[in-house]
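Spelled out from the first residue to the last, the chains are:
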Amino acid sequence: MFIASRKKGAGVPGRTLPITHAAVTAFEEFITAKAFGPFSNSALYKCFHRAVRRAKAHWCKHCGPWPAPPNFRPYDLRHGFLTEVYRRTRDLRVTAELGLHADMTITAMYAQAAVSENANAARDRLDGVSPDGTD
C-alpha cells in the first residue's frame, strides 16, 4: 500500500508499506459492501459521528452509561491506539512508525500518556482492579 507524503508538522515522505492478510480481507469486505464514498474531511466527520451515535445507542441499551467523552473525535481513537501501542511495546520507534511521526518528540507524548500514574490507575479501575490490587 502506498502512503502519500504528508506536509503537516515535520512532514513524512511517501512510502510503500506491506499489508497483512487481515488488511487484504478488510479491503475485500470494504469492496463487497460498496463502502466507497466521498472522503472529504466533512464527509469523514459526519460518518464518524454517525457511527459513534449508533455505537452509543447500542452501548447504552445493552451495557449502561456511555464511557466515552461527549465530544469524541477520530483523533481520540488515534491517540488511544498509539498510547496503547507504546504501553504494550515500550518501543518509541514502533509507535512513531505506526503514527507516521517524523519527529520523536510527538511520539514521546504518547509514551508519557501510556506510563503516567493517573493513566495506569484509570486503566486498572476500568479493568476492575482496585488500587490495592484486589477486585
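The structure under discussion appears in the preceding block.
Here the structure is a predicted model, which is why all the values come from computation and not from measurement.

A. Here's a closer look at the overall build of the protein chain. If you tally the helices and strands in the protein chain, you get six helices and two strands. Reading the protein chain from its N terminus to its C terminus gives the helix and strand order β-β-α-α-α-α-α-α. Here the protein chain holds 135 residues, and the buried ones make up 17% of them. Summarising the internal contacts of the protein chain: among those between residues at least 6 apart in sequence, 34% fall at separations of at least 24. For the protein chain, the accessible area works out to roughly 10,500 Å², and carbon and sulfur atoms hold 61% of it.

B. Region of interest: the environment of M109. Secondary-structure assignment places M109 in helix α5 (residues 104–115). Residues M109 and H79 lie 30 residues apart in sequence; the distance between their C-alpha atoms is 9.6 Å.

C. Just unusual backbone geometry, in detail. The residue R90 is not glycine, and still its phi comes out positive at about 55 degrees. At L100, a position not held by glycine, the phi torsion is positive, near 55 degrees.

D. Quick look at α5. In this model, α5 (12 residues) spans 16 Å end to end at C-alpha, consistent with the 16 Å of a helix rising 1.5 Å per residue. Taken residue by residue, α5 has T107, Y110, A111 and A114 as its buried positions. Buried residues of α5 fall within an arc of 100 degrees about the axis and therefore sit on the same side. More than 90 degrees from the buried face of α5, the exposed residues found are T105 and Q112.

E. Region of interest: the side chain of H101. Take H101: it is sitting in the loop between α4 (92–98) and α5. When near neighbours in sequence (up to four residues on either side) are disregarded, H101 contacts R78, L82, A96, I106, T107 and Y110.

F. Examining a positive patch on the surface more closely. Judged by side-chain charge, K46, R50, R53 and R54 come together as a positively charged surface patch. Tracing the sequence through the fold places K46 in helix α2 (residues 41–63). Owing to a relative accessible area of 55%, K46 belongs among the exposed residues under this scheme.

G. Quick look at the pattern of salt bridges. In this structure the tally under the stated criterion is three salt bridges. Here E84 makes a salt bridge to R88, at a shortest N to O gap of 2.8 Å. Placement of both E84 and R88 in helix α3 (residues 74–89) is noted, with a separation of four residues, approximately one turn of the helix. For E84, a relative accessible area of 21% corresponds to the partly exposed category. Ionic pairing is found between E97 and R93, a salt bridge with its closest N-O pair at 3.5 Å.

Parameters at a glance
- Residues numbered from 1 in each chain as written.
- Predicted model: local features only at pLDDT ≥ 70, side-chain atom pairs only at ≥ 80, totals over all residues.
- Heavy atoms only, no water.
- Helix = DSSP H or I, 4+ residues; strand = E, 2+ residues; numbered from the N terminus.
- Buried < 20%, exposed > 50% of the residue type's maximum accessible area, 1.4 Å probe, protein only.
- Contact = heavy atoms within 4.5 Å.
- Areas by Shrake-Rupley, 256 points an atom, 1.4 Å probe, with all protein chains shown as cover.
- Expected span 1.5 Å × (residues − 1).
- Arc of directions from axis to C-beta.
- Patch = residues over 30% accessible without salt bridge, like charges linked within 9 Å, V, L, I, M, F, W, Y side chains within 5 Å.
- Salt bridge = Lys/Arg side-chain N within 4 Å of Asp/Glu carboxyl O.
- Lys, Arg positive; Asp, Glu negative; His and termini not counted.
- Charge placed at Lys NZ, Arg CZ, Asp CG, Glu CD.

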